[in-house]
Amino acid sequence: IAEIRDAKARHYLSDVLGTEGLEGLEVKEPSQESMQQVKDFAKQTGDFSSLSVVDLQVLALTLDMERQGCSGRLDHVRTTPKRKIGLGTLQLLKPTPTRPATDTSQTPMAGQMAETAK
């Protein structure tokens, strides 16, 4: 299969699946709609610049498969992130009564990443 460039990986896969298994593999491409949704979301979170094209395609294909498995309904999938990272700041998108939005532009970047991981 041409998509698997590494000869060792291709050999391993053919051992695991057998020749009939390799012939039965279905190669899928993500829809343009899902690619755009994933790109937009990644830009909002600040992750876009660190994701490869393949990363974006895998995420978009996951979104397509979720849409297919849920009869087109994606109301359980976020369209905007809980938090948005801007250049040097971390902001909550929707302030809550217990946690107001804060500007942490004076906080070192490592502190922002730790806050994002919560």
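Conventions adopted
Note that residues are indexed from 1 along each chain, following the sequence as it is written. Local features in this predicted model are restricted to residues whose pLDDT is 70 or higher, and side-chain atom pairs enter the listing and the counts only when it is 80 or higher, whereas totals over whole chains, interfaces and linings include all residues. By convention in this description, side-chain values take in all heavy atoms of the structure and omit both hydrogens and water. The helix and strand labels rest on DSSP assignments: H or I over at least four residues marks a helix, E over at least two residues marks a strand, and numbering proceeds from the N terminus. Buried, partly exposed and exposed residues are distinguished by accessible area as a fraction of the type maximum, computed with a 1.4 Å probe on protein chains only: under 20%, between the cut-offs, and over 50%, respectively. Under the pairing criterion, centres of Phe, Tyr and Trp rings, with the six-membered ring standing for Trp, must be within 6.5 Å; the plane angle then separates stacked pairs below 30 degrees from edge-to-face pairs above 60, leaving the rest tilted. In this scheme, Lys NZ or Arg CZ marks a charge over a ring once it lies within 6 Å of the ring centre and within 35 degrees of the ring normal. Take the residue count of a helix, subtract one, and multiply by 1.5 Å to get its expected span. Picture the helix axis, draw a direction to every C-beta atom, and the arc is the one those directions span. Residues count as neighbours in contact if any of their non-hydrogen atoms are within 4.5 Å of one another. Patches draw on residues past 30% relative accessible area with no salt bridge. Two like charges within 9 Å are joined, as are two nonpolar side chains (Val, Leu, Ile, Met, Phe, Trp, Tyr) within 5 Å. Each accessible area value is a Shrake-Rupley result obtained with a 1.4 Å probe; residue values ignore everything except the protein chains displayed when judging cover. A side-chain nitrogen of Lys or Arg and a carboxyl oxygen of Asp or Glu constitute a salt bridge if their distance falls within 4 Å. Buried residues of nine kinds, namely Ala, Val, Leu, Ile, Met, Phe, Trp, Tyr and Cys, make up a nonpolar core once their side-chain atoms join them within 4.5 Å.

### Focus: the environment of Asp40
Alright, step 1. The residue Asp40 is located in helix 2 (residues 32-45) in this model.
Alright, step 2. On the accessibility criterion, Asp40 (34% relative accessible area) is partly exposed.
Alright, step 3. For Asp40 and Thr79, which are 39 residues apart along the polypeptide, the C-alpha to C-alpha distance reads 9.1 Å.

### Quick look at the packing of aromatic side chains
Alright, step 1. Following the criterion strictly, the structure yields 0 aromatic pairs and no others.
Alright, step 2. Of note, Lys43 hangs over the ring of Phe48, and the distance from its end group to the ring centre comes to 4.9 Å.

### Focus on helix 3 (residues 53-69)
Alright, step 1. With 17 residues, helix 3 should cover 24 Å at 1.5 Å per step; its first-to-last C-alpha distance of 24 Å lies within 8% of that length.
Alright, step 2. Residues Leu56, Ala60, Leu61, Leu63, Asp64 and Arg67 constitute the buried set of helix 3. Buried positions in helix 3, seen along its axis, are confined to an arc of 155° and lie on one side of it. Pointing more than 90 degrees away from the buried face of helix 3 are the exposed residues Val54 and Gly69.
Alright, step 3. Contacts from the buried residues of helix 3 go to helix 2.

### Here we look at a nonpolar patch on the surface
Alright, step 1. The grouping of Tyr12, Val16, Leu17 and Leu25 at the surface amounts to a nonpolar patch, some 390 Å² of accessible area in total.
Alright, step 2. Its place among the elements puts Leu25 in the loop between helix 1 (7-23) and helix 2.
Alright, step 3. For Leu25, a relative accessible area of 37% gives the class partly exposed.

### A look at unusual backbone geometry
Alright, step 1. A positive phi angle, close to 55°, is found at Ser71, a residue other than glycine.
Alright, step 2. Within the secondary structure, Ser71 is located in the loop between helix 3 and strand 1 (83-86).
Alright, step 3. With relative accessibility at 70%, the residue Ser71 sits in the exposed group.

### As for the nonpolar core
Alright, step 1. Formed by Met35, Val38, Leu56, Ala60, Leu63 and Leu74, the largest nonpolar core amounts to 6 residues.
Alright, step 2. Counting residues per element, the ones that place at least two in this core are helix 2 and helix 3.
Alright, step 3. Examining the composition of this core, we find that 3 residues originate from one element, helix 3, more than from any other.

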